[in-house]
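Structural characterization, general
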Amino acid sequence: MTTGVVYSRRAAAEIEEITAFLAEHSQPAATRFTEAIGRAEQQLAEYPNSGAPGLRPGVRRLIVGAYIVSYRRRDSDVEIFAVRHARRRDARF
């Protein structure tokens, strides 16, 4: 059984921003990032608890290249609420 994966507005905006930034510098890098996020979504749909526990209760993190995808369970879904570069101070929830 697979779990639904949803994105918060903030996470969707962050993914869009990262993709645009990468595309300005390297279209192949932007494509790789988009594909990696897609694979992460598939992984979370099949294995919703596959990421490491986060610093806050109920939060988990999945490493996708140089980015940390922060997510939590919301009823029967997984909600991705942040996608941040690992070097950012606020990347670790």
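Further up the page is the structure itself.
Quick summary incoming for the structure in this document. (Residues numbered from 1 in each chain as written. Predicted model: local features only at pLDDT ≥ 70, side-chain atom pairs only at ≥ 80, totals over all residues. Heavy atoms only, no water.)

1. So, the overall build of the chain
Looking only at helices and strands, one finds 2 helices and 5 strands in the chain. Starting at the N terminus and ending at the C terminus, the chain contains elements arranged as β-α-α-β-β-β-β. In terms of its C-alpha atoms, the chain occupies a principal-axis envelope of roughly 40 × 30 × 20 Å. When burial is assessed residue by residue, the chain has 39% of its 93 residues classed as buried. In the chain, of all internal contacts separated by at least 6 residues, the share reaching a separation of at least 24 is 43%. When the accessible surface of the chain is summed, it comes to about 5,900 Å², and 51% of that surface belongs to carbon and sulfur atoms. Looking at the chain, you have 15 positive and 11 negative side-chain charges, and the mean spots of the two groups are 9 Å apart. (Helix = DSSP H or I, 4+ residues; strand = E, 2+ residues; numbered from the N terminus. Buried < 20%, exposed > 50% of the residue type's maximum accessible area, 1.4 Å probe, protein only. Contact = heavy atoms within 4.5 Å. Areas by Shrake-Rupley, 256 points an atom, 1.4 Å probe, with all protein chains shown as cover. Lys, Arg positive; Asp, Glu negative; His and termini not counted. Charge placed at Lys NZ, Arg CZ, Asp CG, Glu CD.)

2. With respect to the pairing of strand β5 (residues 77–85)
With respect to burial, β5 is a largely interior element, 7 of its 9 residues being buried. The pairing of strand β1 (residues 4–7) with β5 spans 4 bridges and is classified as parallel. Residue pairing for β5: tyrosine 7 is matched across the bridge by isoleucine 80. Where strand β4 (residues 67–74) meets β5, 8 bridges bridge the pair, whose relative direction is antiparallel. Within β5, the residue paired with valine 69 across the bridge is valine 83. Hairpin connection between β4 and β5: a loop of 2 residues separates the two successive antiparallel strands, and aspartate 75 in this loop has a positive phi of roughly 55 degrees. (Pairing = 2+ DSSP bridges.)

3. With respect to the side chain of serine 8
Topologically, serine 8 is positioned in the loop between β1 and α1 (9–25). Reaching out from serine 8, the side chain makes a polar contact with the backbone nitrogen of alanine 11 at a distance of 3.0 Å. Sequence-distant contacts of serine 8, defined by excluding residues within four places in its chain, comprise Glu79, Ile80 and Phe81. (Polar contact = N/O pair within 3.5 Å; in protein donor to acceptor, adjacent residues only side chain to side chain.)

4. Observations concerning the sheet that holds β1
What the 5 strands build is an open sheet, ordered β1-β5-β4-β3-β2; its pairing is mixed. Bordering the open sheet on either side are β1 and β2 (52–53), each of which pairs with just one other strand. Where β2 lies against strand β3 (residues 59–64), 2 bridges are found, and the strand directions are antiparallel. Of the residues in β3, the one forming a bridge with alanine 52 is arginine 61. Across the sheet, α1 touches β1, β4 and β5, and the angle it forms with β5 is around 40 degrees. Contacting β1, β3, β4 and β5, helix α2 (residues 27–46) crosses the sheet at an angle of about 140 degrees to β3. (Axes fitted to C-alpha atoms, helices over the stretch in contact; angles between N-to-C directions.)

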